[in-house]
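Spelled out, the chains give:
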Amino acid sequence: ALSRARTPGRAKIVNATTARAMASGSVLVIAPALAGIFFAFWLFTRKLSKISLHRAQTVPRPQSSSSLSRSEHYSEAEESGDEALMRRMETGESYGGDALTKVRVIYRDIQEGAKAFLAAEYRMCVMFIAVFGAVIAVLVSNGASGFEGKVGFLTAFAFVAGGATSMISGYIGMMVATYTNARCCVMASITPDSMAWKESFNAAFRGGGVMGFALSGLG
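From a predicted model like this one, the values you see are computed outputs, not experimental measurements.

1. Quick word on the environment of Gly208
Within the secondary structure, Gly208 is located in helix 6 (residues 193–218). As for Gly208 and Ala40, which are separated by 168 residues in sequence, their C-alpha atoms are 9.7 Å apart.

Below is the structure:
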């Protein structure tokens, strides 16, 4: 009788210990993730975004006669998208020949291309997640002990949540990469060369830090 009386008390102690261990584990996982996201946000807003693509130029470089003659005979409507992009990158025509203006144009084109790529990729990802999420829910629900809809639903939800966070991470990573690329080019153009090497490396390193900490925190 005494041993039977002690059993419920021991079970309560074990359950309480297990609950504390699970709570501690959750804190150890969530706290570093939030810290990483916060640090990535701070690094982006306080460091990387301070590099401007709109600094004033002393004297705009005039267009060459060759670019003027080409612009008289061609228009972007008459060329394919790739041809118009390459012509703008090579000559800077229709943008005053300003180096920073060319960087902004190229940055915009690369960003638009990245968004188009992600849109096409994510359409396939959404279909994949929807189909296999349903398959996982059905297969897991039909376990050895019978139909357990709650277990199947939670498992499928975890799969969908993982896919969604992966897609968000991919979008953030792509946008930060293109954003940093343009800022790194600006820093590489400053003088003297020793300062250009230092600042362009810092811009690239900070962009990688934003991407790494943000993606690790979301993951």
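Alright, that's what it looks like, and here's the rest.
2. Observations concerning helix 6
With 26 residues, helix 6 should cover 38 Å at 1.5 Å per step; its first-to-last C-alpha distance of 37 Å lies within 8% of that length. For helix 6, the full list of buried residues reads Ala196, Ser200, Asn202, Ala203, Gly207, Gly209, Val210, Ala214 and Gly217.

3. Things to note about the confidence of the model for the protein chain
Confidence in the prediction for the protein chain averages 79 pLDDT; 74% of positions are at 70 or higher. Predicted confidence for residues 56–79 stays below pLDDT 50, and this span has 24 contacts to residues more than four positions away or in other chains. Scored below 50 in pLDDT, residues 92–96 makes 16 contacts in the model with residues more than four places away or belonging to other chains.

4. Section: the environment of Gln111
With respect to the helices and strands, Gln111 occurs in helix 4 (residues 99–141). For the pair Gln111 and Ala177, spaced 66 residues apart in sequence, the C-alpha to C-alpha distance is 9.4 Å. When near neighbours in sequence (up to four residues on either side) are disregarded, Gln111 contacts Met175 and Thr178.

What counts, and where the lines are drawn
Residues numbered from 1 in each chain as written. Predicted model: local features only at pLDDT ≥ 70, side-chain atom pairs only at ≥ 80, totals over all residues. Heavy atoms only, no water. Helix = DSSP H or I, 4+ residues; strand = E, 2+ residues; numbered from the N terminus. Expected span 1.5 Å × (residues − 1). Buried < 20%, exposed > 50% of the residue type's maximum accessible area, 1.4 Å probe, protein only. pLDDT = per-residue confidence, 0-100. Contact = heavy atoms within 4.5 Å.

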